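Structure at a glance
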Amino acid sequence: MSESQEATSPVAGIGGPAACVTKVELRVSCKSLLDRDTLNKSDPCVILMVQAQGQWTEAHSFKADQLATIFSIHQDRSALVGAAGVAMGLILAELSDPVTVVLSVSQLDRTEVIKSNLNPVFAKVLLLDYYFEEVQKLRFEVYDIHGTHSIGTRDDDFLGGVECTLGQVRCHPLFLHIHAEEISGNNGYVELSFCAKKLDDKDVFSKSDPFLEIYRVNDDGTEQLIHRTEVIKNNLNPVWEPFKVSLISLCSCDEDRKLRCLVWDYDSRGKHDFIGEFYATFREMQKVSAGNKVTWECVNPKYKLKKKNYKNSGLVILTDLKLHRVYSFLDYIMGGCQIHFTVAIDFTASNGDPRNSCSLHYINPYQPNEYLKALIAVGEICQDYDSDKRFSALGFGARIPPNYEVSHDFAINFNPEDDECEEIQGVVEAYQSCLPKIQLYGPTNVAPIISRIARQAAGKEPIKDASRYHILLILTDGVVTDMADTREAIVRASYQPLSIIIVGVGNADFTDMQILDGDDGVLRSPRGEPVLRDIVQFVPFRDFKTAAPAALAKCVLAEVPKQVVEYFSHKAIPPMSPVLDSTPNSIANTPD
């Protein structure tokens, strides 16, 4: 068994309104669909549409006789009844747990097409971002497909549709359940490779066309289709393509949970011939190792009862298993990763004389200025992730003692050997003490400080573990003067364990600062080199003047968990000591 460590976007614990809480899988099946074909049964496919800003992602033009039937959802969701009195059947959707693949909530998704079947169970998983705080309107549309062109064209028959919210379609309290999975850290996935030998021949003039289905057996005895392989034509010794599935979907992270596996001989009319079945567990599958394979007898229960000398209908073999560990931000933090927080404060003359009440640096005895508000809001969050609670506090754009030369990188405690302050309150005190001793000047150059912190983040030795990550908070009242050098410094810093937060203080025009954020496109250096990762978040403080301090912190820190995971994922570095799950028989998220 081979294993690799990977990382994906985390379940962010400190995201703002735009931060995705988790990812969900929608598994869809239908019952008693309308039969629009004359000689055969319908070939159904389900389209998932998501409403954004009052509009569905895609509109369809239907034939005159294709009257859309909108179904009402009953409290028990046991039936959907059409307005025309035609029972289309129940669209069943199960919400599974976090997965590694990310699909934008505004995108269209669809299932595969199942030939000649009025009660299809689709293997394709529809993936969505889940936002607890939003009403996410979904629409499922079912079509009888007649060609290979895009689904929903005039050649396809519209069988019916249903509108609901993601909250209505859930099968259990999703928020609490996802929270528990995030704590356990068991959000990995597995890649499986199956083949078979000497399968029964179900065809008269040719050989069987086998495919494999894997079902998870739930605690209540029900079964959920996890994966359906492709069909291998005319072959009694098929080798199916490797496939990936999340551990949650496969076995609910229970190594001993039963998996029912069925082998069929494909029939184009939908009447597949049953070859045989076997039961497996993920614990058994993990016995695969270099040169060793796991084999199950594929048994047809009817043949076993009727035929005296019957042994099996072939062998199914697991040839390879690759276990991929998917780590979240919390996994790294709970594994011991320390967040090193640095603040850099703009002391240019455009802030105004600190002795004047109109100055952005004016120290009001009754309420903090905007610099202090931003510093405290962000710093109080970050200090919980640093065990020694010591933070570097730097300044730029001022003339400093003793020679009063302009500096764009100085310690505000005037101790170049140790620029750290005790807790956020220590930073506040150093800031207030610094103001009377310096002369505000200029220009607004931030590249020197970005380069300095990037060097600290890189360290003297190559980074081998997930022990530390840096956050640089830059507080400035205007657009930076050294934009070209700043872009170059950010590109270089994107290769280091570092995130940069820029808060614009005051009422200046910060339009040009948006380029550093990278939200509207990939930030590039003056030479055209792109950033390795998007590490910058820019926010004007004025947007949060009337909001609670927590609102600013949420906004500016929303992307940090993702950036932390992206960095260590790129370096293939797992958490130092991953979180252990106390649940018996569960799959611990531990690297080899």
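Identification of the chain as C2 domain-containing protein from Electrophorus voltai is taken from an unreviewed UniProt entry. Per its UniProt entry, the chain bears the Sequence similarities (unreviewed entry) comment "Belongs to the copine family."

Further remarks concern the overall build of the chain. On a plain count of helices and strands, the chain comes out with twelve helices and 29 strands. Looking at the 592 residues of the chain, the share that counts as buried comes to 52%. A fraction of 75% describes how many contacts in the chain between residues 6 or more apart in sequence connect residues 24 or more apart. Of the roughly 27,400 Å² of accessible surface on the chain, a fraction of 50% belongs to carbon and sulfur atoms.

This part is about the nonpolar core. One finds Phe341, Val343, Phe347, Ile412, Leu475, Ile501 and Phe568 to be the most contacted residues of the largest nonpolar core, which totals 55 residues. Here this core gets seven residues from one element, more than from any other, and that element is helix α6 (residues 370-382). Setting aside chain neighbours within four positions, we find Ile501 in contact with Val378, Ile471, Leu472, Leu473, Ile474, Gln537, Val556, Leu557 and Val560. Listed in part, the 33 residues of the second largest apolar core include Val190, Trp240, Cys253 and Phe278.

Structurally, the position occupied by Pro561 is in helix α12 (residues 560-570). Classification of Pro561 by relative accessible area gives buried; the value is 0%. A sequence separation of 231 residues divides Pro561 from Leu330, and the C-alpha atoms of the two residues are 8.2 Å apart.

Looking now at the side chain of Glu277. Relative to the elements of secondary structure, Glu277 occurs in strand β17 (residues 273-280). For Glu277, a relative accessible area of 13% puts it in the buried group. Within the structure, Glu277 has its side chain in polar contact with the side chain of Arg260 (distance 2.7 Å). What Glu277 contacts, discounting residues up to four positions off in sequence, is Arg260, Cys261, Leu262, Glu297, Cys298, Val299 and Pro301.

What follows is about the pattern of salt bridges. Think of it this way: side chains of opposite charge can pair up when their charged atoms draw near. Tallied over the full model, the rule gives 23 salt bridges. One salt bridge in this structure joins Arg492 and Glu488, with 2.6 Å as the shortest N-O distance. Residue Arg492 and its partner Glu488 are both found in helix α9 (residues 483-493); the two are separated by four residues, about one turn of the helix. Two residues, Glu529 and Arg527, come together in a salt bridge whose shortest N-O distance is 3.5 Å. A relative accessible area of 62% means that Arg527 is categorised as exposed. The structure contains a network of salt bridges with shared partners spanning Arg390, Asp418, Glu420 and Glu422.

Now for unusual backbone geometry. As a rule of thumb, non-glycine residues mostly have phi less than zero, and peptide bonds are mostly trans rather than cis. Residue Pro401 is joined to Pro402 through a cis peptide bond whose omega torsion reads 10°. The residue Ser32 is not glycine, and still its phi comes out positive at about 55°. Note that Ser32 resides in the loop between β2 (22-29) and β3 (44-52). When its relative accessible area of 43% is taken as the criterion, Ser32 is described as partly exposed.

Moving on, we come to the confidence of the model for the chain. Per-residue pLDDT for the chain has a mean of 79; in total, 77% of the residues score no lower than 70. Considering only residues more than four positions removed or in separate chains, one finds that residues 170-186, a stretch of pLDDT under 50, has 35 contacts.

A few words now on the environment of Ile317. Inspection of the secondary structure assignment puts Ile317 in strand β19 (residues 315-327). Classification of Ile317 by relative accessible area gives buried; the value is 7%. Separated by 23 residues in sequence, Ile317 and Val294 place their C-alpha atoms 5.7 Å apart. Aside from chain neighbours lying at most four places away, what touches Ile317 is Ser193, Phe194, Cys195, Lys197, Lys293, Val294 and Thr295.

So, about the sheet that holds β17. As summarised here, the arrangement of the four strands in space is β14-β13-β16-β17, forming an open sheet in which the pairing is antiparallel. This sheet does not close on itself; its edge strands, each paired only once, are β14 (223-228) and β17. When the angles between neighbouring strand axes are averaged without regard to direction, this sheet yields 25°. Judged from the five bridges that link them, strand β13 (residues 210-217) and β14 form a sheet pairing that is antiparallel. Residue pairing for β14: Arg216 is matched across the bridge by Gln224.

We now examine the sheet that holds strand β26 (residues 439-440). Read across the open sheet, the three strands follow the order β23-β22-β26; overall the sheet is antiparallel. Whereas interior strands pair on both sides, the edge strands pair on one side only; in this sheet they are β23 (405-407) and β26. By the bridge criterion, two bridges tie strand β22 (residues 398-400) to β26 in an arrangement that is antiparallel. Bridge pairing in β26 places Ala398 opposite Leu440.

For the rest of this paragraph, the subject is the packing of aromatic side chains. Any two aromatic rings considered together are summarised by their centre-to-centre distance and by the angle between their planes. Scanning the entire structure with this criterion turns up 18 aromatic pairs. Chaining the aromatic ring pairs together yields one cluster made of Tyr327, Tyr332, Tyr469, Tyr567 and Phe568. Here the basic side chain of Lys258 rests over the ring of Tyr279, its NZ or CZ set 5.8 Å away from the ring centre. Sitting above the plane of the Tyr441 ring, Arg399 keeps its charged end 4.0 Å from the centroid.

Bringing the side chain of Asn300 into the picture now. Assignment of secondary structure puts Asn300 in the loop between β18 (294-297) and α4 (301-306). Under the relative-accessibility criterion, Asn300 is labelled buried at 5%. Polar contacts involving the side chain of Asn300 include one to the main-chain amide nitrogen of Lys302, which spans 3.1 Å.

Looking now at the environment of Tyr362. Following the sequence through the fold, Tyr362 ends up in the loop between β20 (338-346) and α6. On the basis of relative accessible area, Tyr362 is assigned to the partly exposed category, the value being 27%. Setting aside its immediate chain neighbours within four residues, Tyr362 contacts Pro354, Arg355, Asn356, Ser357 and Asn369.

What follows covers α9. If you check which residues of α9 are buried, you get Met483, Thr486, Glu488, Ala489, Ile490, Val491 and Ala493. Close packing links the buried residues of α9 with α8 (447-458), β28 (498-504), α10 (514-517) and β29 (536-540).

Rules behind the numbers
- Residues numbered from 1 in each chain as written.
- Predicted model: local features only at pLDDT ≥ 70, side-chain atom pairs only at ≥ 80, totals over all residues.
- Heavy atoms only, no water.
- UniProt positions renumbered as here; feature names shortened; annotations may be inferred.
- Helix = DSSP H or I, 4+ residues; strand = E, 2+ residues; numbered from the N terminus.
- Buried < 20%, exposed > 50% of the residue type's maximum accessible area, 1.4 Å probe, protein only.
- Contact = heavy atoms within 4.5 Å.
- Areas by Shrake-Rupley, 256 points an atom, 1.4 Å probe, with all protein chains shown as cover.
- Core = buried A, V, L, I, M, F, W, Y, C linked by side-chain atoms within 4.5 Å.
- Polar contact = N/O pair within 3.5 Å; in protein donor to acceptor, adjacent residues only side chain to side chain.
- Salt bridge = Lys/Arg side-chain N within 4 Å of Asp/Glu carboxyl O.
- pLDDT = per-residue confidence, 0-100.
- Pairing = 2+ DSSP bridges.
- Axes fitted to C-alpha atoms, helices over the stretch in contact; angles between N-to-C directions.
- Phe/Tyr/Trp six-rings, centres within 6.5 Å; stacked < 30°, edge-to-face > 60°.
- Lys NZ or Arg CZ within 6 Å of the ring centre and 35° of its normal.

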